[in-house]
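Below, each chain spelled out in residue letters.
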Amino acid sequence: MKITISHIKADIGSLPGHSTVDDKVMAAIEKYIKENYKGKISDYKMSHVGDDAQITMIHTGGINNKEVHELAWNAFKAGTEVAKEIGLYGAGQDLLKDSFSGNLKGMGPGVAEMEINERPSEPFIVYMMDKTEPGAFNLPIYKMFADPFNTPGLVIDGGMHDGFRFEVWDVIDHKNIMFDSPSEIYDMLALIGSKSRYVIKRVYTRSENKKLPDENVAVISTDKLSMIAGKYVGKDDPAAVVRIQSGLPAAGESLEAFSFPYLVSGWMRGSFNGPLMPVSMKDSKMTRFDGPPRVVALGFVEKNGRLEGPVDMFDDPAFDYARRIAVEMTDHIRRMGPFEPHRLPDQDMEYTTLPAVIEKLKGRFKDMEK
Ligand code: F6R
Ligand code: MG
Ligand code: MG
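Figured I'd write up the structure that's included with this text. (Residues numbered from 1 in each chain as written. Chains lettered and ligands numbered in written order. Predicted model: local features only at pLDDT ≥ 70, side-chain atom pairs only at ≥ 80, totals over all residues. Heavy atoms only, no water.)

**Some details on the coordination of the magnesium ion (ligand 3)**
Protein coordination at the magnesium ion (ligand 3) comes from Asp51 (OD), Asp52 (OD), Asp130 (OD) and Asp237 (OD), with a distance range of 2.0 to 2.5 Å. The sequence motif formed by the donor residues of the magnesium ion (ligand 3) is D-D-x77-D-x106-D. If you look at the magnesium ion (ligand 3) and the magnesium ion (ligand 2), they sit 3.7 Å from each other and are both ligated by aspartate 51. Here aspartate 51, found in the loop between β2 (43–49) and β3 (52–59), pairs with aspartate 237, found in the loop between α7 (225–229) and β10 (239–243); they are 186 residues apart in sequence, far enough to count as distant. (Donors = N, O, S within 2.8 Å, 3.2 Å for Na, K, Ca; no water. Helix = DSSP H or I, 4+ residues; strand = E, 2+ residues; numbered from the N terminus.)

**Overview of the pattern of salt bridges**
On inspection of all chains with the given rule, the structure shows 24 salt bridges. Notably, a salt bridge pairs aspartate 52 with lysine 9, separated by 3.8 Å at the nearest N-O pair. Here aspartate 52 is found in strand β3, whereas its partner lysine 9 is found in strand β1 (residues 2–10), with 43 residues between them in sequence. Assigned by exposure class, aspartate 52 and lysine 9 land together as buried. A salt bridge links glutamate 122 to arginine 119; its shortest N-O distance comes to 2.8 Å. (Salt bridge = Lys/Arg side-chain N within 4 Å of Asp/Glu carboxyl O. Buried < 20%, exposed > 50% of the residue type's maximum accessible area, 1.4 Å probe, protein only.)

**A few points about the pairing of strand β7 (residues 175–180)**
Sheet topology places strand β6 (residues 164–170) next to β7; six bridges connect them, and they run antiparallel. The residue of β7 that forms the bridge with aspartate 170 is lysine 175. Counting the residues that bridge the hairpin from β6 to β7 gives four residues, and of these histidine 174 lies at a positive phi of roughly 55°. (Pairing = 2+ DSSP bridges.)

**Remarks on the coordination of the magnesium ion (ligand 2)**
For the magnesium ion (ligand 2), the protein coordination sphere consists of Asp11 (OD), His18 (ND1) and Asp51 (OD), at 2.1 to 2.7 Å. Here the donor residues for the magnesium ion (ligand 2) map to a single chain with the spacing D-x6-H-x32-D.

**Regarding helix α2 (residues 66–85)**
Its 20 residues place the ends of α2 29 Å apart at the C-alpha level, agreeing with the 28 Å of an ideal helix rising 1.5 Å per residue. Inspection of α2 places Val68, His69, Leu71, Ala72, Trp73, Ala75, Phe76, Gly79, Thr80, Val82 and Ala83 among the buried residues, and these make up the whole buried set. Buried residues in α2 make contact with β1, α1 (23–36), β3 and β4 (110–117). At the N-terminal end of α2, a side-chain oxygen is found 3.1 Å from the backbone nitrogen of glutamate 67, two or three residues along, and the residue is asparagine 65. Looking at the residues trailing α2, positive phi occurs at glycine 87, about 75°. (Expected span 1.5 Å × (residues − 1). Contact = heavy atoms within 4.5 Å. Polar contact = N/O pair within 3.5 Å; in protein donor to acceptor, adjacent residues only side chain to side chain.)

**What about the pairing of β6?**
Burial of β6 is extensive: six of the seven residues sit out of reach of the surface. Relative to strand β8 (residues 198–205), β6 runs antiparallel, the two sharing seven bridges. Along β8, the bridge assignment pairs aspartate 170 with tyrosine 198.

**Looking at the sheet that holds β4**
Read across the sheet, four strands follow the order β2-β3-β1-β4 without closing on themselves; strand pairing throughout is antiparallel. One side of each edge strand has no neighbouring strand; the edge strands of this open sheet are β2 and β4. Put simply, the sheet's adjacent strands are angled 15° from each other on average, direction ignored. Of the strand pairs in this sheet, β1 and β3 are connected by seven bridges, and their pairing is antiparallel. Considered in β3, the bridge of isoleucine 5 is made with isoleucine 58. Here α1 sits on the sheet and contacts β2 and β3; the angle it forms with β2, its principal contact strand, is near 165°. (Axes fitted to C-alpha atoms, helices over the stretch in contact; angles between N-to-C directions.)

**With respect to the environment of tyrosine 32**
Take tyrosine 32: it is sitting in helix α1. Since its relative accessible area comes to 23%, tyrosine 32 is described here as partly exposed. In the structure, tyrosine 32 is positioned 127 residues away from glycine 159 in sequence and 42 Å away in space, judged by C-alpha atoms. Apart from the residues within four sequence positions on either side, tyrosine 32 is in contact with Leu71, Asn74, Ala75 and Ala78. Within the structure, the side chain of tyrosine 32 is placed 3.3 Å from the side chain of asparagine 74, a separation counted as a polar contact.

Just geometry here; none of it tells us what the structure is for.
Laid out in structure tokens, this is it:
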């Protein structure tokens, strides 16, 4: 049976400021879905990371499905009403358009969805990041599906031995390119190391090797909020859906990719590099310097359109050490204050105040002798 997993998220207001979601808002979103989901989706689960409300849905309508996207949009609208009533900061922030038309493309919420052939057991993990950008997934997705030092299954599981196919998007020029792994990993790494421009969008099985259909096995949300709105309106805060087990990375191989807190862009005012800390959902409120950036992992299985789970995968002492290193890195890098490479280079800063400062000083620059 073909099913679609649609994970849709939005920041529609935070408590007290860009820190966490509010229970009453989450309840309002869920109430709308509960009262309106029948006939559109077969099951759903609510979650959150930092200031982003998240909905994981199962249906048979394919990707970019009008009814499914509209359901999420209206649920976020219902949540926004409550956020406004109680005065949450940035109420309705990610709902950039007044009315819904067709699907969520360009409307603000982040979408990670894929249509798949359901396996007898369909286990997957939803990863949700706050205070960073879609390219923050490049490194861990690469490690899961292409690095045998992270994923020994690539070497010892015959089902993975032939590698995977990666779809990479150039989010500035709006182009995409496919790379086969392992044969083309050096070309791919040349691009995806530039993570603010080239982002991994999807990973597929390679049917010519496996005699299986081209299956989509991972998808990352790549909605560039700043480009949509033409100005900075908040970080992209991406999410990903990653299928696991049985010829795909094991749950533990997938999670292993987050065991060291690599540096990502975002954090305070969308303008700083900082370590990505793997945390449980209850620990995903943004505090120090509006961060540090965090990732939550929720494990599910799907069967006949029903979802079982989630299991909060980073709610485990095995990730305590990674969290401690992230706190040490935070301490280290914070001492650099407004200097690069803690602060991002000008062109990568998503906050609009720097151009205003430079504009103000323009008249005071004097030509110097060559
Ligand atoms: C970063 C983020 C926060 C805000 C910061 C300032 O993605 O959301 O770090 O940029 O709290 O917020 P404003 O400008 O809304 O006061
Ligand atoms: Mg926010
Ligand atoms: Mg956020």
